Amino acid sequence: MGNLEDLYLRNEALDYEGLLNTLCEEAKQKPYDEPFLLAELPSFGDLIISSAEKAHISPSPVRARIGKSFNAAVRNKKVWNVQRATRSDGRPLNKAGVAMYVNSSVKTQEEE
């Protein structure tokens, strides 16, 4: 059995940017105008769990960090035409308190 330093100080750091880029690409491929959860993207569960296992950490903080990063990328319009899904009254759409997104078929003014 190795010592604690060998177990926890591995060089296998998580590639958060790579995970985020993969999820952003998948979000762009979602059907137009259908709200979706980040957890519905194909790589969300698999990539995060396998990456967390390699780094010997729980998947929960990885999901939280990626979720915050994805939300910031959407807010800053860095994920093509993906945006926060909203209700008809303009309030953000959530499912059980989790943010929902939509790949909008309508071009935003910044893109025109």
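Residues numbered from 1 in each chain as written. Predicted model: local features only at pLDDT ≥ 70, side-chain atom pairs only at ≥ 80, totals over all residues. Heavy atoms only, no water.

A. Expanded view of unusual backbone geometry. Of note, K77 is a non-glycine position whose phi angle comes to about 55°, a positive value. Residue position: K77 is located in the loop between α4 (59-75) and β2 (82-84). With relative accessibility at 48%, the residue K77 sits in the partly exposed group. One non-glycine residue, W80, lies in positive phi territory at about 45°. Locating W80 in the fold gives a position in the loop between α4 and β2. (Helix = DSSP H or I, 4+ residues; strand = E, 2+ residues; numbered from the N terminus. Buried < 20%, exposed > 50% of the residue type's maximum accessible area, 1.4 Å probe, protein only.)

B. Molecular detail of the pattern of salt bridges. Evaluated as defined, the whole model comprises two salt bridges. In this structure, R91 and D89 form a salt bridge, with 2.8 Å as the shortest nitrogen-oxygen distance. (Salt bridge = Lys/Arg side-chain N within 4 Å of Asp/Glu carboxyl O.)

C. Expanded view of the nonpolar core. With 20 residues, the main nonpolar core has A27, L41, I66, F70, V79, V82 and Y101 as its most contacted residues. For this core, the leading source of residues is helix α2 (residues 16-28), giving six residues. For A27, the contacting residues outside a window of four places in its chain are F36, L41, F70, V79, V82 and N103. Counting five residues, the second-largest nonpolar core is a separate cluster that includes L37, A85, L93 and M100. (Core = buried A, V, L, I, M, F, W, Y, C linked by side-chain atoms within 4.5 Å. Contact = heavy atoms within 4.5 Å.)

D. Representation of the packing of α2 against α4. It is at 10 Å that the axes of α2 and α4 come closest, and there the two elements cross at 60°. Judged on the interaxial angle alone, α4 and α2 are oblique. In terms of crossing hand, the pair formed by α2 and α4 is right-handed. Contacts between α2 and α4 involve Y16, L19, L20, L23, C24 and A27 from the first element and V62, R65, I66, S69 and F70 from the second. Of the residues in the contact of α2 with α4, the class split is nine nonpolar, one polar and one charged. (Axes fitted to C-alpha atoms, helices over the stretch in contact; angles between N-to-C directions. Parallel < 35°, antiparallel > 145°, perpendicular 65-115°, else oblique. Left-handed = near helix turned anticlockwise from the far one by under 90°. Nonpolar A, V, L, I, M, F, W, Y, C, P; charged D, E, K, R; others polar.)

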